[in-house]
Amino acid sequence: MVPHSDLTEATDPYCLSPGGAGGLLAGAPWRRFGVIGDSLSAGVGDPSPGYAPEGWPERVATTLRLVAPDLEYSNIARVGATTVDALRDQVDRIRAFAPHLLHVPSGPNDLLTRTPDYPAIERNLDRLYAQAADTGAQLMTFTLGRAFVVPTFADWTDRIRRLNDIVRSVASTRGAVVVEMWDHPINDRPNLVSADGIHFSSSGQAVLAAEYVKSLAALIRDHRAVSR
C-alpha cells in the first residue's frame, strides 16, 4: 500500500482519471449544473502536493463537460452561509439559473452556536430542499465527514452525526441523492483537511468529486433500468 503522504491524484485509489470519470457519466442528461450553500459547497481548501488545486464542484463540472461540452455551471455558494442565508439569498438566484442538477448544502454552519436547535435546523433544511426541488432539478448533497472537527465544541462529533441524520431524512423526502462521506476511508488520512481543520484539502476535494461522479453514474444506471 502506498503511504498517504506519497499518494498523488494518479495513484490515489479513491480518485478517478478524467477518462474514467467521463466514461461513468456517458449519457448524462444534465446541461445546467448549479451549486448553492456554504464554503463546503464552494469547494474551499488548501492545495495538496500531487493533486490539482481545484475544488470538488469545478471537478464535477469539468467531468460533466466531457459528455456535455455545452454545460452551463453556476456556483453561488458563500463562505459562512447558513441554511437561512441560503434560503434568503441564494434560492431565488439559482431558480433563475434553471438548473438541471443542483447541489444543496448540508448545513454545517447551523451548528456553530452554543446550543444547536435541531428541530429548527430540520425545518430550515426541509424548506431549503423543498424550494430547491421546485426548480425541477435533480438534487444532490453530501454528508459531512468525521474528520471535520471544530475543537471549540466538545460534542462536535455528535453534532455532525445528528446533522447527517437530518440531511439523510430531508434528502430522502425530496428525492435528493446523498453522497456519503461520514465514514469514508479517507477520513483516516492525516493530511485530509486543510490547516483550518475544517475544509478538505485538494486531495479530499478530488476524492469527494470522484464520489459525486460515482453517485451520478449510479443515478444514470437506475434511470436506464427504469426506462427499459
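Residues numbered from 1 in each chain as written. Predicted model: local features only at pLDDT ≥ 70, side-chain atom pairs only at ≥ 80, totals over all residues. Heavy atoms only, no water.

1. A few points about the overall build of the protein
Along its length, the protein carries eight helices and five strands. When the helices and strands of the protein are listed from N to C terminus, the series reads α-β-α-α-β-α-α-β-α-β-α-β-α. Taking 2.2 N^0.38 as the reference for a compact globule, 228 residues should give roughly 17 Å; the C-alpha atoms of the protein span a radius of gyration of 17 Å, in line with that estimate. A principal-axis box enclosing the C-alpha atoms of the protein has dimensions of 45 × 45 × 30 Å. Counting across all 228 residues of the protein, residues that qualify as buried make up 53%. Looking at the protein alone, contacts between residues at least 24 apart form 80% of all its contacts between residues at least 6 apart. Taken as a whole, the protein presents about 10,300 Å² of accessible surface, with 53% of it coming from carbon and sulfur. Here the protein contributes 22 positively and 26 negatively charged side chains, and the mean placements of these two sets differ by 4 Å. (Helix = DSSP H or I, 4+ residues; strand = E, 2+ residues; numbered from the N terminus. Rg over C-alpha atoms; globule rule 2.2 N^0.38 Å. Buried < 20%, exposed > 50% of the residue type's maximum accessible area, 1.4 Å probe, protein only. Contact = heavy atoms within 4.5 Å. Areas by Shrake-Rupley, 256 points an atom, 1.4 Å probe, with all protein chains shown as cover. Lys, Arg positive; Asp, Glu negative; His and termini not counted. Charge placed at Lys NZ, Arg CZ, Asp CG, Glu CD.)

2. Looking at the pairing of strand 4 (residues 138-142)
Taken across its five residues, strand 4 has five buried, putting it largely inside the fold. Neither face of strand 4 is left uncovered, since the one carrying Gln138, Met140 and Phe142 and the one carrying Leu139 and Thr141 both have all their residues buried. Alignment of strand 3 (residues 101-103) against strand 4, held across three bridges, turns out to be parallel. Each bridged residue has a counterpart across the sheet, and for Leu101 the counterpart in strand 4 is Gln138. Handedness of the strand 3-helix 6 (residues 118-133)-strand 4 crossover: right-handed. Pairing of strand 4 with strand 5 (residues 177-179), which is carried by three bridges, proceeds in the parallel orientation. Looking across to strand 5, one finds that Met140 is bridged to Val177. (Pairing = 2+ DSSP bridges. Right-handed = clockwise from strand over helix to strand, strands pointing away.)

3. Examining the packing of aromatic side chains
Per the counting criterion, the structure on display carries six aromatic pairs. Considering the side-chain rings of Trp56 and Tyr212, the 4.8 Å spacing of their centres and the 25° angle between planes classify their relative orientation as stacked. Here Trp56 is found in helix 3 (residues 56-67), whereas its partner Tyr212 is found in helix 8 (residues 202-227), with 156 residues between them in sequence. The buried category is assigned to Tyr212, whose relative accessible area is 0%. (Phe/Tyr/Trp six-rings, centres within 6.5 Å; stacked < 30°, edge-to-face > 60°.)

4. Looking at the side chain of Ser74
Note that Ser74 resides in strand 2 (residues 72-75). Discounting chain neighbours no more than four positions away, the residues touching Ser74 are Phe33, Gly34, Val35, Ile94 and Phe97.

5. Details of unusual backbone geometry
Residues apart from glycine generally show negative phi values, whereas peptide bonds are mostly found in trans. Positioned with a positive phi, Ala98 is a non-glycine residue whose angle comes to about 55°. Following the sequence through the fold, Ala98 ends up in the loop between helix 5 (91-97) and strand 3. Residue Ala98 is classed as partly exposed on the basis of its relative accessible area of 38%.

6. Quick word on helix 3
Taking 1.5 Å per residue as the helical rise, helix 3 with its 12 residues ought to reach 16 Å, and the 18 Å between its terminal C-alpha atoms agrees with that figure. Turning to helix 3, its buried residues are Trp56, Pro57, Arg59, Val60, Ala61, Thr63 and Leu64. (Expected span 1.5 Å × (residues − 1).)

7. Thoughts on the UniProt feature "domain: SGNH hydrolase-type esterase" (unreviewed entry) in the protein
Feature annotation in UniProt assigns "domain: SGNH hydrolase-type esterase" (unreviewed entry) to the following positions: residues 35-206. Secondary structure over residues 35-206 splits into 40% helix and 9% strand, and the C-alpha atoms at its two ends are 17 Å apart. (UniProt positions renumbered as here; feature names shortened; annotations may be inferred.)

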